[in-house]
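Spelled out from the first residue to the last, the chains are:
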Amino acid sequence: MKTTGIVTGIISNLVTIEVDGPVSQNEICYIDLSGTKLMADVIKVNGKEAFVQVYESTRGLKTGDKAEFQGHMLEVLLGPGILSSIYDGLQNNLVTMDGVFLKRGEYTIALDQDKKWEFKPLASPGDVVSAADWLGEVKEGWLPHKIMVPFTFEGSFKVKSIASEGEFTVNETIAVLVNESGEDVNVTMSQKWPVKVAITKYADKPRPYRIMETRVRVIDTFNPIAEGGTGFIPGPFGSGKTVLQHAISKQADADVIIFAACGERANEVVEIFTEFPLLEDPRTGRMLMERTTIICNTSNMPVAAREASVYTAMTIGEYYRSMGLKVLLLADSTSRWAQALREMSNRMEELPGADAFPMDLPAIISSFYARAGLVNLNNGQTGSVTFIGTVSPAGGNLKEPVTESTKKAARCFFALSQSRADRKRYPAVDPIDSYSKYLEYPEIIEDFKNRIGEEWVEKVLKGKNIVLRGKEAYEQINILGDDGVPLEYHKRYWKSELIDFVILQQDAFDKIDANCPMERQSYMYYLVLDICEREFDFDNFEECGNFYKKIINTLRQMNYSKFRSEDFNKYLEQLNNELNDGK
Amino acid sequence: MASKAFQKIYTQLESITKATVALRAQGITNEELATVGGRLAQVVKIKRDLVTLQVFAGTDGIPTNAEVVFFGEPPTLNVSEDLAGRFFNAYGDPIDNGPSVDGEKRFIGGPSVNPYRRKQPSELIPTGIAGIDLNNTLVSGQKIPFFADPDQPYNQVMAQVALRADVDKIILGGMGLTNDDYLYYKQIFENAGALNKIISFVNTTEQPPVERLLIPDMALTAAEYFAVDKNEKVLVLLTDMTLYADALSIVSHRMDQIPSKDSMPGSLYSDLAKIYEKAVQLPDGGSITIIAVTTLSGGDITHAIPDNTGYITEGQLFLRTDSDTGKVIVDPFRSLSRLKQLVIGKKTREDHNHVMNAAVRLYADAANAKTKMENGFDLSDYDHRCLEFAKDYSNKLLAIEVNINTTQMLDTAWDLFGKHFTKTEVSIKGDITEKYWKN
């Protein structure tokens, strides 16, 4: 029998309920407000009193209203049909909702219940299987969507029967398994899983050993992210966080993209679902939307559901990872999620930590980032969830709690700088503050060796050093004046400008430049580094500046031309002439 | 807010603070309205039968035996076409000596638009001000604030924008307006003969600050009526959102909440987003566009209020007095309209983007030349021409009193390019330059 309770107190969306039976932490309940069911989850229990956060407005609620507890935590429904869907933070399907406005208490089911999927069995009767093993597959868009033994199944099972090729809905039984006690268990194509619990039905989680290409040069070349790695993008407003994340989502070498719009502008989400259905995946030629799921809990949607949205997104990511797919999860912005935690903690009158955030904020953030990763599945295949979150630091100050906590958890740091954005140097990723820990991984260095060449990482570090020395020289020039420093300083400065303009800056709105595959990146980088290693003689600093400006312009024209096209080669020739003219 | 039969009436207050009262009462719903000793109040907290009410006008002089009358529902606004041309206070009661408005009763602060039902904003809202139309074009469904220091004429600029904008309804939400500014708005709207498309909700500095909290919701409820029910293009003006946020912090402090940055409540981002995100382009053609004012203290945009605002809004506009010409201009460097890419060159002439970028770049060169001049360096011929251009640009385009359409702005810009520069210096794509260059 379900536990029930009555409302005894209300402060905004924090409600206390006196319960008549057992409740568990994070258990879901529905509060009945004159016939409208408001979803809530337990966040604290004190004696007979359960504190719940309500996922909707509590306007009109009164003491004495009834609540019914559901015996489970917040769950998502997993099965074919998730891709190309648009959900809210609780996985309600926004597309199937009626009316222009969101209605309180309206919950729509995440998966199409009537759609028939073309099922192909992968297991055979007699096979011994356990949770997350593949029983069959359906085609979801162009991706093979594996139908798995539900993650909640414990122990091993014997396949008694399995459906043969044919069309099924998500609720039809496609296999009958026999458990260790000899009982039959039916398996359908959908299953449920609590979002706050990581799906760990894999063999092991090795260190990431290959990079994930994003086709953004400042990431791939200078601060590469590993497949199954984690990274974050902090930046003040107007520094281009969203443009950068959108670029990554369009171009990354991933099978599945999950985009969690967490407490951000609704019009930005509109941009995604207006543009993505029209954009082609550069790799497969299919529409981008076919591999994309949007979890959309914009800033004006209920705060508690905002907190849930990142977990919903992560759980869906882990689900697709179990199919042996490469998943890229993007969350914009994790600061809004932290703020949701702060609002609740405040209402519960907990002692605050820095900037009134809850004390356990660093722990919450790091255990969330820890759910990403590359895994070896039980069948020997690999799957991965790569996670990149944005952070919106208050006042652009990177010393605030969310940025600092995230810095401890994420392995790549793509710091967006206001001064670069002001000078229109996009993407405004600061080349000196940003880092990728993966450049230190022997596995990753090895991966680069195989992909590009023996000394790649060494060369990258060299380039970083040139940029750093260029910045130091620039500061000296600014203090002492153009004439007040040796010519060597100008050379140093212009070498760093060369790398900045040709490699680090990239035009996200130009079709060719925006999408720069690794092969092209390494070609251009070697070319640029080669020029940096050559010494030229100049009579004065003006000659030096003019020379580098000229070759920067030519190299940029190459960036805008199709790789190895006629135009490209023409500019290459022009570059060589210009280099030969220099002494 | 007339009283009705069968209302619950109590006369025993348990506690009184500066802004709240608490009493024992049964069957009270969250956020419902009441009067406490005749003053409007709203339920903010319920603990068993102990109900805490926030009294908008403050609790000065409230006795422990004050009469508390519960209304059984949250704040509402009567909506109909009759709203047009009227002035109301924060409670939606007329303050223009006119009759009260009949119409459908709507709860204020209603639900959000399903993001999936939104349309991508794509209609330009012309204002005649080049600093906006040319450099930072507004788009219907956008939300954008003026970041201005208190001494800048932001209310005048906003009134101008409102009167020139091609929209069906203009809704003014005035929070902490000085009485002088309120009368200024009233007069300028009357003089323009535009009163029939304007609706005002006003809280002046003479009224209690906490009342301000109702203003945005009132204004936006009216806006949603015209945009959603009538498919109209609605422009909402909110001034000054800094005073709104200050009122939020007053309330949260009095309710013993832990303050976060700059003593603002931890929920400031969500509170502001709930207002600004009402800006929307609806599928059936209606739209709500929000232009707000956020006053800054000494131009500091890292303060919690402008900072959170910047993360929510789609750009920001900075006002500045140009010292060379003495004209108030919309600063071309710091201002930004995030949605302009959706309309420029698409809804405006093809050369828009190029002209905008070239003019701003040349204006930046002028700024550099000026620095050089101030530091006592020699100026080149190019520097001198840049400075001359900057003066013309500021006088003939940026000055907010200039009122021309976008095509005229583009033509004026080409005039200035031709007057001061060579084609290579302006450096716009070849075919565009050939087509529009003027000597």
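All values reported here derive from a predicted model rather than from experimental measurement. (Residues numbered from 1 in each chain as written. Chains lettered and ligands numbered in written order. Predicted model: local features only at pLDDT ≥ 70, side-chain atom pairs only at ≥ 80, totals over all residues.)

### Notes on the overall build of chain A
Looking only at helices and strands, chain A features 15 helices and 27 strands. For 583 residues, the compact-globule estimate of 2.2 N^0.38 gives 25 Å, and the C-alpha radius of gyration of chain A, at 27 Å, lies within 12% of that figure. With the principal axes as the frame, chain A shows a C-alpha extent of 90 × 55 × 45 Å. Looking at chain A as a whole, 52% of its 583 residues are labelled buried. (Helix = DSSP H or I, 4+ residues; strand = E, 2+ residues; numbered from the N terminus. Rg over C-alpha atoms; globule rule 2.2 N^0.38 Å. Buried ≥ 20, exposed ≤ 12 C-beta atoms within 10 Å, placed from the backbone.)

### Quick notes on the overall build of chain B
Along the backbone of chain B there are 12 helices and 21 strands. In terms of C-alpha radius of gyration, chain B reaches 25 Å, essentially the compact-globule figure of 22 Å for 439 residues. Summarising its shape, the C-alpha atoms of chain B cover approximately 80 × 45 × 40 Å along the three principal directions. By the burial criterion, 51% of the 439 residues in chain B qualify as buried. Intrachain contacts of chain B at a sequence separation of at least 6 include 71% that bridge at least 24 residues. (Contact = placed C-beta atoms within 7 Å.)

### Observations regarding the domain arrangement of chain B
Splitting chain B by domain gives domain 1 (8–70), domain 2 (76–341) and domain 3 (352–436). Spacing between the C-alpha centres of domain 1 of chain B and domain 3 of chain B amounts to 62 Å. (Domains from an automatic or database assignment.)

### Examining the packing of helix α8 (residues 352–374) of chain B against helix α9 (residues 381–398) of chain B
Residue and element names in this part refer to chain B. In contact at an axis separation of 8 Å, α8 and α9 are set at 120° when each is read in the N-to-C sense. With respect to α9, the element α8 is oriented oblique. In the crossing of α8 with α9, the sense of the turn from one axis to the other is left-handed. Between α8 and α9, the contacting residues are Ala 359, Leu 362, Tyr 363, Asp 365, Ala 366, Ala 369, Lys 370 and Lys 372 on the first element and Asp 383, Cys 386, Leu 387, Phe 389, Ala 390 and Tyr 393 on the second. Per-class residue counts for the contact of α8 with α9 are 10 nonpolar, no polar and 4 charged. (Axes fitted to C-alpha atoms, helices over the stretch in contact; angles between N-to-C directions. Parallel < 35°, antiparallel > 145°, perpendicular 65-115°, else oblique. Left-handed = near helix turned anticlockwise from the far one by under 90°. Nonpolar A, V, L, I, M, F, W, Y, C, P; charged D, E, K, R; others polar.)

### Comments concerning the sheet that holds strand β12 (residues 143–148) of chain A
All names here are of chain A. Reading across the sheet, the 4 strands line up as β12-β11-β9-β14 and stay open at both edges, with antiparallel pairing between neighbours. In this open sheet, the two strands that pair with only one neighbour each are β12 and β14 (166–168). Mean inter-strand twist for the sheet, computed between neighbouring axes without regard to direction, equals 40°. Sheet topology places strand β9 (residues 117–121) next to β14; 3 bridges connect them, and they run antiparallel. Of the residues in β14, the one forming a bridge with Glu 118 is Glu 167. (Pairing = 2+ DSSP bridges.)

### Let's talk about the interface of chain B and chain A
Facing 43 residues of chain B, the contacting portion of chain A comprises 46 residues. Those elements giving two or more residues to the side of chain B that touches chain A turn out to be β5 (39–47), α6 (268–276) and α7 (304–312) of chain B. If you tally residues by element for the side of chain B that touches chain A, the top one is α7(B), at 5 residues. Classifying every residue of the side of chain B that touches chain A by side-chain character gives 18 nonpolar, 13 polar and 12 charged. As defined by bridge partners, strand β1 (residues 4–11) of chain A adjoins β5(B) across 3 bridges and the pair is classed as antiparallel. Counterpart to A:Ile10 in the pairing with β5(B) is B:Ile46.

### Topic: the environment of B:Ala399
Residue and element names in this part refer to chain B. Along the polypeptide, Ala 399 turns up in the loop between α9 and α10 (406–420). Spatially, the C-alpha atoms of Ala 399 and Leu 238 are 23 Å apart, while their sequence positions differ by 161 residues. With sequence-adjacent residues up to four places away left out, Ala 399 is seen in contact with Lys 327, Ile 329 and Ser 394.

### Considering the domain arrangement of chain A
Under the domain assignment, chain A is made up of domain 1 (4–73), domain 2 (117–189), domain 3 (211–439) and domain 4 (456–581). Centre-to-centre separation of domain 2 of chain A and domain 4 of chain A, based on C-alpha positions: 56 Å.

### So, helix α3 (residues 179–191) of chain B
All names here are of chain B. Look at α3: 18 Å from first C-alpha to last across 13 residues, which is about the 18 Å you get at 1.5 Å a residue. Along α3, the residues classified as buried are Asp 181, Tyr 182, Tyr 185 and Phe 189. The arc enclosing the buried residues of α3, seen along the axis, measures out at 105°, which places them on a common side. Turned more than 90 degrees away from the buried face of α3 sit Asn 179, Asp 180, Leu 183, Gln 187, Glu 190 and Asn 191, all of them exposed. Of the surrounding secondary structure, the elements contacted by the buried residues of α3 are α2 (154–164), β14 (169–177) and β15 (198–204). Of the residues trailing α3, Gly 193 is marked for its positive phi of about 65°. (Expected span 1.5 Å × (residues − 1). Arc of directions from axis to C-beta.)

### Overview of the packing of helix α11 (residues 487–504) of chain A against helix α13 (residues 518–533) of chain A
All names here are of chain A. Axis separation between α11 and α13 bottoms out at 10 Å; the angle between their running directions is 165°. Put simply, α11 runs roughly antiparallel to α13. Crossing of α11 against α13: the hand is right-handed. Along its contact with α11, which presents Lys 495, Leu 498, Ile 499, Val 502 and Ile 503, the element α13 presents Met 524, Tyr 525, Val 528, Ile 531 and Cys 532.

### Observations regarding the environment of A:Ala67
Residue and element names in this part refer to chain A. Looking at the secondary structure, you find Ala 67 in strand β6 (residues 66–73). The exposure class of Ala 67 is buried, given the 24 C-beta atoms found within 10 Å. Distance in space between the C-alpha atoms of Ala 67 and Glu 18 is 9.2 Å, their sequence separation being 49 residues. Residues contacting Ala 67, with those up to four places away along its chain left out, are Thr 4, Gly 5, Ile 6, Val 7, Ile 17, Cys 29, Tyr 30 and Ile 31.

### A closer look at the sheet that holds strand β13 (residues 156–162) of chain A
Residue and element names in this part refer to chain A. Here 4 strands make up an open sheet; going across it, the order is β10-β13-β15-β16 and the pairing antiparallel. Single-partner strands in this sheet number two, and they are β10 (128–130) and β16 (184–187). Mean inter-strand twist for the sheet, computed between neighbouring axes without regard to direction, equals 45°. Note that strand β15 (residues 175–178) and β16 share 4 bridges and pair antiparallel.

### Quick word on the confidence of the model for chain B
This prediction gives chain B a mean pLDDT of 91; 99% of its residues lie at or above 70. This prediction of the complex comes with two scores: 0.92 for pTM and 0.87 for ipTM. (pLDDT = per-residue confidence, 0-100.)

### Looking at the environment of B:Gly109
Mapped onto the fold, B:Gly109 is located in the loop between β10 (104–107) and β11 (124–125). Among the residues examined, B:Gly109 registers 19 C-beta atoms within 10 Å and is labelled partly exposed.

### Thoughts on unusual backbone geometry
Between A:Asp332 and A:Ser333 the backbone carries a cis peptide bond, its omega angle lying at 0°. In this model, B:Thr239 is joined to B:Asp240 through a cis peptide bond whose omega is 5°. Non-glycine residue A:Asn26 carries a positive phi angle of around 70°. Relative to the assigned elements, A:Asn26 resides in the loop between β2 (14–19) and β3 (27–33). One non-glycine residue, A:Ser84, lies in positive phi territory at about 65°. Turning to its location among the elements, A:Ser84 is positioned in the loop between β7 (75–78) and β8 (86–87).

### Some points on the nonpolar core
Residues B:Ala222 and B:Val236 are the most contacted members of the largest nonpolar core, which totals 307 residues. Here B:Val236 is in contact with B:Ile171, B:Gly173, B:Ala219, B:Leu220, B:Ala223, B:Ile288, B:Thr289 and B:Ile290, once residues within four sequence places are set aside. (Core = buried A, V, L, I, M, F, W, Y, C linked by C-beta atoms within 7 Å.)

### Some words on the pairing of strand β19 (residues 315–321) of chain B
Residues and elements named next belong to chain B. Counting buried residues along β19, 6 of its 7 residues qualify, which places the element largely inside the surrounding structure. Strand direction decides the pairing type here: strand β13 (residues 143–148) and β19, joined by 2 bridges, are parallel. Across the sheet, Phe 147 pairs through a bridge with Phe 318, a residue of β19. Of the pairings in the sheet, the one linking β19 to strand β21 (residues 336–337) comprises 2 bridges and is antiparallel in character. Within β21, the residue paired with Gln 316 across the bridge is Leu 336. Bridge analysis of β19 against strand β20 (residues 328–330) gives 3 bridges, and the strand direction is antiparallel.

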